[in-house]
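The residues making up each chain are set out below.
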Amino acid sequence: MLNLIQNEHMKIYRRLRTWILGLLLIVIVVLASLFSHQGNDANENWKTRAADIIEHDKRELENPDVPAKFKQQMREEIELQQYMLDHNYPPTAYTLWGGVLNASGLITLVTLFTVIIAGDMVAGEFTWGTIKLLLIRPASRAKILFSKYATTLLFAVTLLIVMFISALIVNGFLYGFQSLSLPYLTVNTAGQVHEGSMLVYVFATYGLKLIELVMIVTLAFMISTVFRSSSLAIGLSIFIMFAGQVITLLLMRYSWGKYFLFANTDLTPYLKGQQPAEGMTLGFSITVLLFYFLLFNVLSWEIFRRRDVAA
C-alpha cells in the first residue's frame, strides 16, 4: 500500500503543473497579506477606537428603543473592549493572528487546486491509456483506488500546511512576532471575559475548513471515477464547487434545503456559537456530511470496481 501511495505521489509531484500551483498559492498568500496589512492603518489608534466603542455602546444602552438582545451584545462588547484596554491586548485583526485567520479564506483556493488534481487522479489514467498498466499489478482495485484517494487528501493537507506556514511567516514580518502569545478572548453570558489559546482557535478554524475541503475533494474524486476524460472530470468538479454555494442560497429558502451538501460544509459558524440556519446544529451537519462522505466513497468504489477497461 505504501508503495502505491508513493507511486501516486511521484505522478503528482513530477508534473510542472503541481509546482506552479504551489508557487501560485504562496504568491497569493503574500499578496493578500500585504493588501490586508495596508487596510489596517488604524493599528496604532486601536485604544482610541476601543474607547469610542465603549462610549458609543454605553449611550445606546440608555436608548429604550434598542432590543434587549442587542443590549446584551453591547454589554459583552463593552466588557471585551475594556478588558483589552486594561491588559493592552490589541484587536486580533491588527496582529499576526488576524492575518493568519484572514488567510483561512484562501482555503477555497487550496480546494480548487486539489480539485484539479483529484479530477485527474482516475480519469487521467483513462485519458493517457495507463489504466491497463496500473491494473495488471498484483494489487487489488480497492488498494489502487484507496492509494489514489489517500494521495489526493495528503496533497490537500500539504497545500494547507504550505498556506498556513506562508501566512504565519509573512504576517509575522508585517505585524511582528510578539503577538504570538496573544490570547483569544471570549465573553460568557455573565459578562466575564475569559482568555483562551489563540493557537487552538486558529487550528480549530483551519480544521473546520479542512472538513469542507475534504468533502469537496471527495466529490471531485468520485466524479473522476465516473468519467474517462480528465478535462471533463476537472471541469465538472470545478463547476459544482462554485455552483454549490449559489444553489445553497436558493435551497435554504425551503426546510429541506438544510440537507443539501453545501449547506453543511462550512462549519465555522458553529465555532462562534452561530447557526447557518434554523434547526441546524453541529451534530446535524456532521451527520449529513458523514452520509455524503460514505455515499461518495461507496459510489467511487462501485464504479471503479465495475469499470470495464477492455476498450
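Quick look at the structure, then. Sequence order as written defines residue numbering, which begins from 1 separately in each chain. Given that the model is predicted, a residue must reach a pLDDT of at least 70 before its local features are reported, and side-chain atom pairs must reach 80 or more before they are shown or counted; all residues, however, enter totals for whole chains, interfaces and linings. Hydrogens and water are ignored here; the side-chain numbers use all heavy atoms of the structure.

### Looking at helix α9 (residues 141–175)
Helix and strand definitions here come from DSSP, where helices need a minimum of 4 consecutive H or I residues and strands a minimum of 2 consecutive E residues; each element is numbered from the N-terminal end. For a helix, the expected span equals 1.5 Å multiplied by the residue count minus one. Across its 35 residues, α9 extends 51 Å between first and last C-alpha, which sits within 8% of the 51 Å expected from 1.5 Å per residue. Of the residues flanking the end of α9, it is G176, one or two places downstream, whose phi is positive at about 100°.

### Describing helix α6 (residues 107–121)
For α6, built from 15 residues, the straight-helix expectation of 21 Å at 1.5 Å per residue is met to within 8% by its first-to-last C-alpha distance of 21 Å. Accessibility here uses a 1.4 Å probe with only protein chains present; expressed as a share of the type maximum, an area under 20% marks a residue as buried, one over 50% as exposed, and anything in between as partly exposed. Of all 15 residues in α6, 14 are buried, a share of seventy percent or more.

### Overview of the environment of L182
Within the fold, L182 resides in the loop between α9 and β1 (184–187). Contacts are assigned to residue pairs that have any heavy atoms within 4.5 Å of one another. If near-sequence neighbours (up to four positions away) are discounted, L182 is found in contact with Y89, P90, T92, T95, W97 and M198.

### Some words on the packing of aromatic side chains
Each pair of aromatic rings taken from Phe, Tyr and Trp, with Trp reduced to its six-membered ring, is defined by centres within 6.5 Å and is described as stacked if the planes are under 30 degrees apart, edge-to-face if over 60, and tilted in the remaining cases. One pass over the full model with this rule turns up 13 aromatic pairs. Ring centres 5.6 Å apart and planes at 75° place the aromatic pair F291 and Y292 in the edge-to-face group. Using a relative accessible area of 17% as the deciding quantity, one classes Y292 as buried. Aromatic side chains Y292 and F296 sit 5.9 Å apart centroid to centroid with 45° between the ring planes, which places their arrangement in the tilted category. You can see Y292 and its partner F296 sitting in helix α13 (residues 282–306), four residues apart, about one turn around the helix. As far as burial versus exposure is concerned, Y292 and F296 are alike and both buried. Joined through ring pairs, the aromatic side chains of Y13, W19 and F155 make up one cluster.

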